[in-house]
Amino acid sequence: MSKTYLELSQDGGGAHKFYEVTVVGQVVSVRYGRIGSDGQTQTSTFPTAEKAQAAATKKIGEKVRKGYAPAVQGQRAPRAVTRRQVTSAPSTARATAPVLWRFRTGSAAFGIHIDDDRCWVGNQAGDVYTLAHGGEVLARYQLPDGVKCLVADDFWIYAGCDDGRVYDLSSKLPFAAYDIAADVDIFWLDIHEGVLNVSDYAGRLTVIDHEDEHQWARGGRGEHAWMVRADDRAVYHGHSRGVTAHSTDGTTELWHTPTQGGVLFGWQEDDAVYAGTSHQVVHRISKQTGATEATYRCDSSVYSCATSPGGRYVFAGDSASSVYCFDRDGTRLWKLGTGSGSALSMQYRDERLYLVTTDGSLVCVDASEAAVTAAQQGSVPVARDIKLSAALPTYAPATALASVTTVTAAPAGAVIVECVQEGGRTRVHVVSDGYERSWNVQFPRAIREPGARYVVDSLHAASSGFYRVRGDIRRLQ
């Protein structure tokens, strides 16, 4: 057996990766990833031991030419991870919100997404749970590190984690879709049309395309950038000195708007972005001009905010375990205690306000006018505490070819894709008829093997010119 361990760790943190090649007889195993992580493993078998060694020597030579060098594993530190330091005081509200149900995840939670079918919650232990709107727990995803946030792009759902990876949870086989450079101490993420936007500790904005290839980066006007939102027109970046809008290609700063205090959270509607700040306010800012259109004043630092469709109502959660509702013009309509700590993220849907909190709970609040009026008068429902089922399905990301089921034929209606080598990289293209074969497929890197074919349930085209996987992934023998 022979083993070669290499690292690439450039000055200034521009890269922070390892690459390990192990040869045992006719088998070559390649393990790679970020320094400090377990990484991903790919294994190939060759006709003879000599051919296996030749393939390993070629792989090592390619990495050395790119700047990798022999190293001792464990001597370099893993990537920096900063988690928001939060305090959560008791609420000063005289009434408690009408909580319908509560699910305790066991660890502080920032990640939330509510769609037509499910509620998603991700916590700092790396757990992501899906629940029905009524509170029934449907499934659990076990990710390798703490979840920063959950973001949706059309009907795809992604989890950004402390390990620097962004995991696609939309298919039956979760996978790492993006790998963020080690010098980026991630604070928040957003994905729009397959383009990943990352805001970080240093106040920078980094933009990465669907093939995990860096597009552009900009230094921020401030630090501690807890907000990034994107649409077809711009990327909206919130940090310690306000909100800055950049053109989608990164060439132009469209506008900059100072805020009252550093931005701690951001939300967007079609024509406005909303920035919750440390100075107890939420600002509504015009996407077109950058003008502040309204201010919503709370009694403590604002940890999260959201709106009903079109911004008709504006909601906010503060550091004192209270949740607020404002009219569009800034009039405070109510303030209620959460009963579960401070809301670190929130989302409104169909007269319900969903919160994830400092005690790790996903909380469903009845935000209808009748329920809130009753709560203000002291009448609230008894909240149901949701329990986990012993038979709960649990999913983990694909980390190697062994994670994938092998089939001998494609089922009717399935789509076949193939891994090919292009310019030194392994790409995935569609083989089945009826698709644009020059387009790439966003596909798990851990299971890409040149020449291999895979069967997927379906592919959906993004307007930016690539395909995304929906459903199961199987290797075609």
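To be clear, the structure that these remarks concern was listed above.
Reading guide: rules and limits
Position labels on residues start from 1 in each chain and follow its written sequence. In keeping with the model being predicted, local features are shown solely for residues with a pLDDT of at least 70 and side-chain atom pairs are shown and tallied solely at 80 or more, while totals for entire chains, interfaces and linings include all residues. Note: side-chain values were computed over all heavy atoms of the structure, leaving out hydrogens and water. What is meant by a nonpolar core is a set of buried Ala, Val, Leu, Ile, Met, Phe, Trp, Tyr and Cys residues, joined one to another through side-chain atoms within 4.5 Å. Burial classification: accessible surface area is computed with a 1.4 Å probe over protein chains only, and a residue below 20% of its type maximum counts as buried, one above 50% as exposed, and the rest as partly exposed. Numbering goes from the N terminus for both helices and strands, where a helix is a DSSP run of H or I of at least four residues and a strand is a run of E of at least two. Here, two residues are considered to be in contact whenever any of their heavy atoms come within 4.5 Å of each other. The arc in question is the one traced by the directions running from the helix axis out to the C-beta atoms. We treat two strands as partners when DSSP finds at least two bridges between them. Every axis in this analysis is a line fitted to C-alpha atoms, fitted for helices over the stretch in contact. Angles between the N-to-C directions lie between 0 and 180 degrees.

> I keep staring at the nonpolar core and nothing clicks. Help me out?
Soluble, globular proteins show a tendency: their nonpolar side chains are buried together. Residues Ile-180, Leu-196 and Leu-353 are the most contacted members of the largest nonpolar core, which totals 62 residues. Broken down by element, the residue count for this core peaks at five residues, all from strand 15 (residues 186–192). With residues near it in sequence (within four places) discarded, Leu-196 still touches Val-166, Tyr-178, Ile-180, Leu-189, Asp-190, Ile-191, Thr-206, Val-207 and Ile-208. Residues Val-415, Val-430, Tyr-454 and Val-456 belong to the second largest nonpolar core, which totals 18 residues.

> Help me understand helix 2 (residues 369–376), please; the structure alone is not making it clear to me.
An α-helix turns once every 3.6 residues. As a result, residues three or four positions apart point the same way. By the burial criterion, the buried members of helix 2 are Ala-371, Val-372 and Ala-375. For helix 2, the arc enclosing every buried residue in end-on projection is 95°, short of the 170-degree limit, so these residues lie on one face. Residues of helix 2 that are exposed and point more than 90 degrees away from the buried face comprise Glu-369 and Ala-370.

> Help me understand the pairing of strand 27 (residues 302–307) in this model?
In terms of burial, strand 27 is a largely internal element, six of the six residues being buried. As paired strands, strand 27 and strand 28 (residues 313–318) are joined by five bridges and run antiparallel to one another. Of the residues in strand 28, the one forming a bridge with Val-302 is Asp-318. In sequence, strand 27 turns back onto strand 28 through a hairpin of five residues, with Gly-310 there showing a positive phi of about 75°.

> What am I meant to see in the sheet that holds strand 25 (residues 281–286) here?
Pairing between the strands of a sheet is mediated by backbone hydrogen bonds and can be parallel or antiparallel. Pairing within the open sheet is antiparallel, and its four strands lie in the order 23-24-25-26. Both edges of this open sheet fall to strand 23 (263–268) and strand 26 (292–297), since each of them pairs with a single strand only. With strand direction ignored, the average angle separating the axes of adjacent strands in the sheet is 20°. In the sheet, strand 23 pairs with strand 24 (residues 272–277) via five bridges, with the strands oriented antiparallel. If you follow Val-263 over to strand 24, its bridge partner there is Thr-277.

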